[in-house]
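Residue strings, one per chain:
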There are 2 protein chains.
Amino acid sequence: MTTTELTPAQMADRTGVTIDTLRYYEREGLIQNVARAESGHRRYSHNDVLWVEVLRCLRDTGMTIDQLRHYSELGAQGDHTEPERKRILLEHRALVERQIAERQAALELIDHKLSYYTGESS
Amino acid sequence: MTTTELTPAQMADRTGVTIDTLRYYEREGLIQNVARAESGHRRYSHNDVLWVEVLRCLRDTGMTIDQLRHYSELGAQGDHTEPERKRILLEHRALVERQIAERQAALELIDHKLSYYTGESS
DNA sequence: CAACAACCTAGAGTGCACTCCAGATCAACC
DNA sequence: GGTTGATCTGGAGTGCACTCTAGGTTGTTG
């Protein structure tokens, strides 16, 4: 097998996404056109690795499967969908900024509560 | 009704948490010793408001209901649980820091992808 | 005091994102 | 060539955090 083709197990290893989840993402349209060996077994490319990393980045910051499907389908539809994809990324960017602000406020509240405790923690 | 006692609807209004969720939290042991009117209807105190704000802060940053129940029960058990509560807050604080770092990395990836798009967004 | 809103409890239902299962096929090694 | 491990498909199951329902009680307002 060439270095640029990964089996499902290798792909799971590289991306940290389980085989079941990779199949689920494919079924849901988040990963498209995955290559197959003659046997019918999946063969993931380097681009697939990069794409799954993007998916996980967006997913881990709160983008839903529905939204990821939409974004993925736009990518498959060609260059004319770029403005819409840009819009989606900008909107998600704003969400992530809000999440950071929310978490910074949470840190302040936690620190405030911690300031009431003496230093005798284990 | 005095200013320091809130009906369920008023409590939902103040905290942004629905009445159903307030009841759910109480059932799960996240909110304890909620006062009742003679009718049996709940009456929330100012402390309850503050506590629910803490719950939501922790919940919104990824603490599970199980963990929140544990933390709440410790609070009800008295001062000797302070070290454990401090430990929980410190651990959660570390989680929130990781979430912020993860999201800052996400912003970089998003910005990197955005840099490939021209400025013609709607 | 009638009507309508707010509240009560116990328990069932929902939506999301996975995660697992059964039964079959394919690949690799002794 | 037989066993063992990886992969395949379609579909069922899981866990979490709510969210809603049914059937009844309480409170308020004209």
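This report concerns the structure included in the present document. Every value quoted in this text rests on a predicted model; they were computed, and no experiment measured them.

**Comments concerning the overall build of chain A**
Turning to step 1, where the next piece is worked out: A tally of helices and strands in chain A yields 5 helices and 2 strands.
Turning to step 2, where the next piece is worked out: Computed over the C-alpha atoms, the radius of gyration of chain A is 20 Å, more than 25% above the 14 Å expected from 2.2 N^0.38 for a compact globule of 122 residues.
Turning to step 3, where the next piece is worked out: Dimensions of chain A, computed from the C-alpha atoms along their principal axes, are close to 65 × 40 × 20 Å.
Turning to step 4, where the next piece is worked out: Looking at chain A alone, contacts between residues at least 24 apart form 50% of all its contacts between residues at least 6 apart.
Turning to step 5, where the next piece is worked out: Here chain A displays about 7,100 Å² of accessible surface, and carbon together with sulfur accounts for 48% of that area.
Turning to step 6, where the next piece is worked out: Treating the 16 positive side-chain charges of chain A as one cloud and the 20 negative ones as another, the clouds have centres 3 Å apart.

**Topic: the protein's contact with DNA strand D**
Turning to step 1, where the next piece is worked out: Among the 20 residues in the neighbourhood of DNA strand D, the closest are listed as Arg23 and Arg42 of chain A together with Tyr25, Ser39 and Arg59 of chain B.
Turning to step 2, where the next piece is worked out: For DNA strand D, the fraction of atoms within 4 Å of the protein that belong to sugar or phosphate moieties is 81%.
Turning to step 3, where the next piece is worked out: Alanine 9 of chain A places a main-chain nitrogen or oxygen 3.2 Å from a phosphate oxygen of DNA strand D.
Turning to step 4, where the next piece is worked out: The contact in question runs from a phosphate oxygen of DNA strand D to an N or O atom on the backbone of arginine 42 of chain A, over 2.5 Å.
Turning to step 5, where the next piece is worked out: No other element matches the 4 residues that helix α2 (residues 19-27) of chain B contributes to the surface near DNA strand D.
Turning to step 6, where the next piece is worked out: When its residues are assigned to classes, the surface near DNA strand D shows 6 nonpolar, 7 polar and 7 charged.

**Some details on the protein's contact with DNA strand C**
Turning to step 1, where the next piece is worked out: Inspection of the region around DNA strand C gives 20 residues, with Tyr25, Ser39 and Arg59 of chain A together with Arg36 and Arg42 of chain B positioned closest.
Turning to step 2, where the next piece is worked out: Counted by atom, the contact set of DNA strand C within 4 Å of the protein is 82% sugar and phosphate.
Turning to step 3, where the next piece is worked out: Here tyrosine 25 of chain A contributes a side-chain N or O atom positioned 3.0 Å from a phosphate oxygen of DNA strand C.
Turning to step 4, where the next piece is worked out: Residue assignment for the surface near DNA strand C shows that the elements contributing at least two residues are α2 (19-27) and α3 (46-60) of chain A together with α1 (8-15) and α2 of chain B.

**Let's talk about the environment of glycine 29 of chain A**
Residue and element names in this part refer to chain A.
Turning to step 1, where the next piece is worked out: Positionally, glycine 29 belongs in the loop between α2 and β1 (35-36).
Turning to step 2, where the next piece is worked out: Accessibility expressed as a relative area gives 13% for glycine 29, which makes it buried.
Turning to step 3, where the next piece is worked out: Along the primary structure glycine 29 and isoleucine 65 are separated by 36 residues, whereas in three dimensions their C-alpha atoms are 9.3 Å apart.

**Some points on the pattern of salt bridges**
Residue and element names in this part refer to chain A.
Turning to step 1, where the next piece is worked out: Taken as a whole, this structure holds 22 salt bridges over all chains when the rule is applied.
Turning to step 2, where the next piece is worked out: Here glutamate 26 ties to arginine 42 by a salt bridge, and the two come within 2.7 Å at their closest N and O atoms. Of this pair, glutamate 26 sits in helix α2 while arginine 42 sits in strand β2 (residues 42-43), and the two are 16 residues apart along the sequence.
Turning to step 3, where the next piece is worked out: According to the relative accessible area criterion, glutamate 26 is buried, its value standing at 19%.
Turning to step 4, where the next piece is worked out: On the basis of relative accessibility, which here comes to 17%, the residue arginine 42 falls in the buried class.
Turning to step 5, where the next piece is worked out: For arginine 56, the salt bridge goes to aspartate 60, with nearest N and O atoms at 2.5 Å. You can see arginine 56 and its partner aspartate 60 sitting in helix α3, 4 residues apart, about one turn around the helix.
Turning to step 6, where the next piece is worked out: Among the residues examined, arginine 56 registers a relative accessible area of 24% and is labelled partly exposed.
Turning to step 7, where the next piece is worked out: Residue aspartate 60 is classed as partly exposed on the basis of its relative accessible area of 32%.

**Concerning α3 of chain A**
Turning to step 1, where the next piece is worked out: With 15 residues, α3 of chain A should cover 21 Å at 1.5 Å per step; its first-to-last C-alpha distance of 21 Å lies within 8% of that length.
Turning to step 2, where the next piece is worked out: Inspection of α3 of chain A places Asp48, Val49, Val52, Val54, Leu55, Cys57 and Leu58 of chain A among the buried residues, and these make up the whole buried set.
Turning to step 3, where the next piece is worked out: Buried-residue contacts for α3 of chain A involve α1 (8-15), α2, β2, α4 (65-76) and α5 (82-114) of chain A together with α5 (82-114) of chain B.
Turning to step 4, where the next piece is worked out: Phi for glycine 62 of chain A, located one or two positions after α3 of chain A, is positive at around 105°.

So, how was this worked out
Residues numbered from 1 in each chain as written. Chains lettered and ligands numbered in written order. Predicted model: local features only at pLDDT ≥ 70, side-chain atom pairs only at ≥ 80, totals over all residues. Heavy atoms only, no water. Helix = DSSP H or I, 4+ residues; strand = E, 2+ residues; numbered from the N terminus. Rg over C-alpha atoms; globule rule 2.2 N^0.38 Å. Contact = heavy atoms within 4.5 Å. Areas by Shrake-Rupley, 256 points an atom, 1.4 Å probe, with all protein chains shown as cover. Lys, Arg positive; Asp, Glu negative; His and termini not counted. Charge placed at Lys NZ, Arg CZ, Asp CG, Glu CD. Near = heavy atom within 4 Å. Polar contact = N/O pair within 3.5 Å; in protein donor to acceptor, adjacent residues only side chain to side chain. Nonpolar A, V, L, I, M, F, W, Y, C, P; charged D, E, K, R; others polar. Buried < 20%, exposed > 50% of the residue type's maximum accessible area, 1.4 Å probe, protein only. Salt bridge = Lys/Arg side-chain N within 4 Å of Asp/Glu carboxyl O. Expected span 1.5 Å × (residues − 1).

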